[in-house]
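# Commentary on secondary and tertiary structure
Chain residues, written in single-letter form:
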Amino acid sequence: MPPQVFRLILLTVAIVGSYVIARQLLTPPSFRQYGFYRGEALAEHASHTPVFAGRKACLECHEDIQKKLFKDAHKTIGCETCHGPSSAHCADPDSAAKKPDKKNTTACLRCHEANPSRPVTQKQINVKNHYSSQKCAECHMPHQPNEVP
Amino acid sequence: MALDVTNVVVEALPRFEGYVYPNESGTHPLWGFLIVLYPYITGLVAGAFIMASLVRVFRVKPLEPVYRLSLLTALAFMLCATLPLLFHLGHPERSFQIMITPHLTSPMAIFGFVYAWYLMAVLLLELWFDYREDFVVWSQKTSGIPGIIYRAFTLGVTDISEKAIALDLKLGWIISIVGIPSAFLLHGYVGFIFGSIKANPWWGNVLMPIIFILSAMVSGIALCVFNYMFLTWVRRRKLDMRCLDVMGMYLFYALVIDFTVEALDWIHRVYSAEEGFHVIEYMAKEKLFYTLSIGQVLVGTLIPLVLLGSLQIIRKYVSDAARKRIYFTCASCILVGVFAMRWNVVMGGQFFSKSLRGVMSYKLEFAGAEGWLMGLVLLSLPFIILTVMIKLFLSERLPTTGHVPHRVDDAVSEI
């Protein structure tokens, strides 16, 4: 066999060999346990602490707001839709750093900015023409959108 | 204060026109600038390789001066071809798992195989057989780190008898022949990824792999012209005008075929005017006007087509200096135009709603993982690698053995 071909075959064997060894060593142990992914990944995801607390969690301390909210157009909307994930706040309500977002105008626009593909019952505005220099909460009560402040 | 807050909000609003589903009106498409770079870079690899095969397989003698340069260009860009994808995916700490747990049926994952085949079995092998004799000679003459590198690259084979060299040539030629379909496969694969998405009228198209291959050839040859001219300019050498003219000729032919097939694609779209045609029309006329009509068609195709085409006829009457300028302009225009084409394909397919009745927009950012600064860094990396390679393997101080890659017949008959 010509020497260069022999060396190339040796090199190929070495590369394939080290790949096989690397596969043995580096493949995550729980890979293919259930499917084409790490089985451990399921447990890892389950172990994360949820960032959303859910509506019931707020009831304990903010029952008044809940009551207001339920009477009005926004009754189907969860508190954290507008205030953002708040489970850290529930656990430690006095901490200023963990306070939920209060003046979240983007939240309003996520549902109210004009888009013809939305249901007609969901009232639409064109924010650029709708008093865009002021904040929504100056003229609308977020928890009671039917009322006038 | 209140004013600030609302204005910021208006700025951050997703922008769209027409009927766009709420979940589509996000601020960013899923595939950004880096995914535009990916087909661009792989295309340059495939094109530069085909340019080199013109010498080795099709025996175009005048192109000999750029044979090695184009192979090294292909290698330098090949080494960076996966980077845009890996940067887009994030999680560098587990990127190796792509290699360790290859998936056999996912079209996306097949790139790993196509890439490995092309790099290991084609490019590196062809380069090695071509350079083997030089490595042996250089390793005996050179000391220091370059000497060690050359010695390592000989893989310990020091036989440079005539018979061994003849075998090198023959094997290199076989690999080159295998390499041409492989280069088509490499870039046809990228076209397939887009062309097979049948739910998207901008992408789903059987011509897509072919268009990708042809535009890859165009961009690859243009890159070789660019690199060759730039390198001779840096080295203050005289350009081989014959070589440049022939490159220009092939560039012209490739461009004509590319232009014809892309035009055919458009004629087909316009005539058949399928379901999604209105949105496609709107995209071409409004959304992608600058990148499609100006970038891809005018700068990337028509201007070089006219310039190169007229040179084919009146070459004799144009002075060397003027031809040089024209070739350089055309190469740069084509490089820009093909980039615009990749942008149009990748971004264009994400700019309209699944309803086919509305369009979204995208503002390219400066910083960030998908910003254009990142893209610029990734695009200059292959040039840096190429510079190092040229210093090592195309150095003027190291005389080459001067065997000619296309004289394989003699070699074959000798064995």
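Computed from a predicted model, the values in this text were never measured in an experiment.

## Digging into the overall build of chain A
When helices and strands are tallied, chain A shows seven helices and zero strands. If you list the helices and strands of chain A from N to C, you get α-α-α-α-α-α-α. What you see for chain A is a C-alpha radius of gyration of 28 Å, clearly larger than the 15 Å of a compact globule of 149 residues, by over 25%. C-alpha atoms of chain A, sized along the principal axes, occupy 90 × 40 × 30 Å. Per-residue burial over chain A gives 18% buried out of 149 residues. Intrachain contacts of chain A at a sequence separation of at least 6 include 37% that bridge at least 24 residues. Side chains of chain A carry 19 positive and 13 negative charges; the gap between the two charge centres is 8 Å.

## Observations regarding the nonpolar core
Across soluble globular proteins, you tend to see nonpolar side chains buried next to one another. Residue and element names in this part refer to chain B. Among the nonpolar cores identified, the biggest contains 116 residues, and Leu63, Tyr118, Leu123, Leu244, Met247 and Phe393 are the most heavily contacted of them. Ranked by residue count, the leading element in this core is helix H2 (residues 33-56), at 18 residues. If near-sequence neighbours (up to four positions away) are discounted, Phe393 is found in contact with Leu72, Tyr131, Phe135, Trp138, Tyr150 and Phe153.

## A look at the interface of chain A and chain B
Tallying the contact residues gives 32 residues for chain A and 35 residues for chain B. Carbon and sulfur atoms make up 73% of the area that chain A and chain B hide from each other, which totals about 2700 Å². Between chain A and chain B we count zero salt bridges in total. Where chain A meets chain B, there are seven residue pairs in polar contact (both at pLDDT 80 or more). Taken together, the elements giving at least two residues each to the side of chain A that touches chain B come down to helix H1 (3-26) and helix H6 (105-112) of chain A.

Procedures and definitions
Residues numbered from 1 in each chain as written. Chains lettered and ligands numbered in written order. Predicted model: local features only at pLDDT ≥ 70, side-chain atom pairs only at ≥ 80, totals over all residues. Heavy atoms only, no water. Helix = DSSP H or I, 4+ residues; strand = E, 2+ residues; numbered from the N terminus. Rg over C-alpha atoms; globule rule 2.2 N^0.38 Å. Buried < 20%, exposed > 50% of the residue type's maximum accessible area, 1.4 Å probe, protein only. Contact = heavy atoms within 4.5 Å. Lys, Arg positive; Asp, Glu negative; His and termini not counted. Charge placed at Lys NZ, Arg CZ, Asp CG, Glu CD. Core = buried A, V, L, I, M, F, W, Y, C linked by side-chain atoms within 4.5 Å. Buried area = accessible area lost by both parts, 1.4 Å probe. Salt bridge = Lys/Arg side-chain N within 4 Å of Asp/Glu carboxyl O. Polar contact = N/O pair within 3.5 Å; in protein donor to acceptor, adjacent residues only side chain to side chain.

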